[in-house]
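# Coordinate inspection notes
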Amino acid sequence: MNNLAMHRRMLGDSLVTSCLQTRRHLQRYLDGEADPALAERITRHLDACRACGLQAHIYQQIKTAVCRHATEPPAEALERLTAFAEALPRQRT
Ligand SMILES: [Zn+2]
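Residues numbered from 1 in each chain as written. Predicted model: local features only at pLDDT ≥ 70, side-chain atom pairs only at ≥ 80, totals over all residues. Heavy atoms only, no water.

Let us now look at the coordination of the zinc ion. Ideal values for angles at a metal depend on the geometry: 109.5 degrees with four tetrahedral donors, 90 or 180 degrees with six octahedral donors. Each protein donor to the zinc ion is listed here as C19 (SG), H45 (NE2), C49 (SG) and C52 (SG); together their distances run 2.1 to 2.3 Å. Within one chain, the residues serving as donors to the zinc ion are arranged as C-x25-H-x3-C-x2-C. Overall, C49 belongs to the buried group, its relative accessible area being 15%. Taking the relative accessible area as the measure of exposure, C52 reaches 1% and is therefore buried. (Donors = N, O, S within 2.8 Å, 3.2 Å for Na, K, Ca; no water. Buried < 20%, exposed > 50% of the residue type's maximum accessible area, 1.4 Å probe, protein only.)

A pair of packed helices is characterised by two quantities: the angle between their axes and the separation of those axes. Where helix α2 (residues 19–30) meets helix α3 (residues 36–48), the axes come as close as 10 Å, and the angle between the chain directions of the two elements is 120 degrees. Once α2 is placed against α3, the crossing between them reads as left-handed. Across the interface between the two elements, C19, T22, H25, L26, R28 and Y29 from α2 touch L38, A39, I42, T43, H45 and L46 from α3. Class assignment of the residues belonging to the contact of α2 with α3 gives a composition of seven nonpolar, four polar and one charged. (Axes fitted to C-alpha atoms, helices over the stretch in contact; angles between N-to-C directions. Helix = DSSP H or I, 4+ residues; strand = E, 2+ residues; numbered from the N terminus. Left-handed = near helix turned anticlockwise from the far one by under 90°. Contact = heavy atoms within 4.5 Å. Nonpolar A, V, L, I, M, F, W, Y, C, P; charged D, E, K, R; others polar.)

By the secondary structure assignment, I42 is in helix α3. Its relative accessible area of 0% is what places I42 among the buried residues. Not counting chain neighbours up to four residues away, the residues in contact with I42 comprise T22, H25, L26 and Y29.

If you look at the biggest cluster of nonpolar residues, it comprises eleven residues: L26, Y29, L30, A34, L38, A39, I42, L46, C49, C52 and A56. Sorting elements by how many residues they give to this core places α3 first, with four residues. (Core = buried A, V, L, I, M, F, W, Y, C linked by side-chain atoms within 4.5 Å.)

With that out of the way, let us pick up the pattern of salt bridges. Taken as a whole and judged by the stated rule, the model has two salt bridges. Two residues, E40 and R44, come together in a salt bridge whose shortest N-O distance is 3.0 Å. One end of the pair is E40 and the other is R44, both in helix α3 and four residues apart, which spans about a single turn. (Salt bridge = Lys/Arg side-chain N within 4 Å of Asp/Glu carboxyl O.)

Let's shift gears to α2. Relative to the 16 Å expected for twelve residues at 1.5 Å per residue, α2 spans 15 Å between its end C-alpha atoms, a close match to the ideal helical length. Buried within α2 we find Q21, T22, H25, L26, Y29 and L30. The arc enclosing the buried residues of α2, seen along the axis, measures out at 155 degrees, which places them on a common side. Residues of α2 that are exposed and angled more than 90 degrees away from the buried face: L20 and R24. Following α2 by one or two positions, G32 adopts a phi angle in the positive range, close to 75 degrees. (Expected span 1.5 Å × (residues − 1). Arc of directions from axis to C-beta.)

Right under this line is the structure:
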């Protein structure tokens, strides 16, 4: 048994199931490009973690919107996104 490989694997597992790692791989996961083991860990994390689950939901909505507007300029979506971004600092204060 290779202790270093085992240690790396354990470290990898704990990192992948963290919020940071989940979000880092989220887009790849949603695009279906994550390897099956990673995808399963992310799926489990998204089930357990509401914050990351919401993040995944938002990504998917953006993805769907981008696909829908692929053949036409997404001016309306960009406008809405810009308005949303501009409203953010004011809502926080
Ligand atoms: Zn999380």
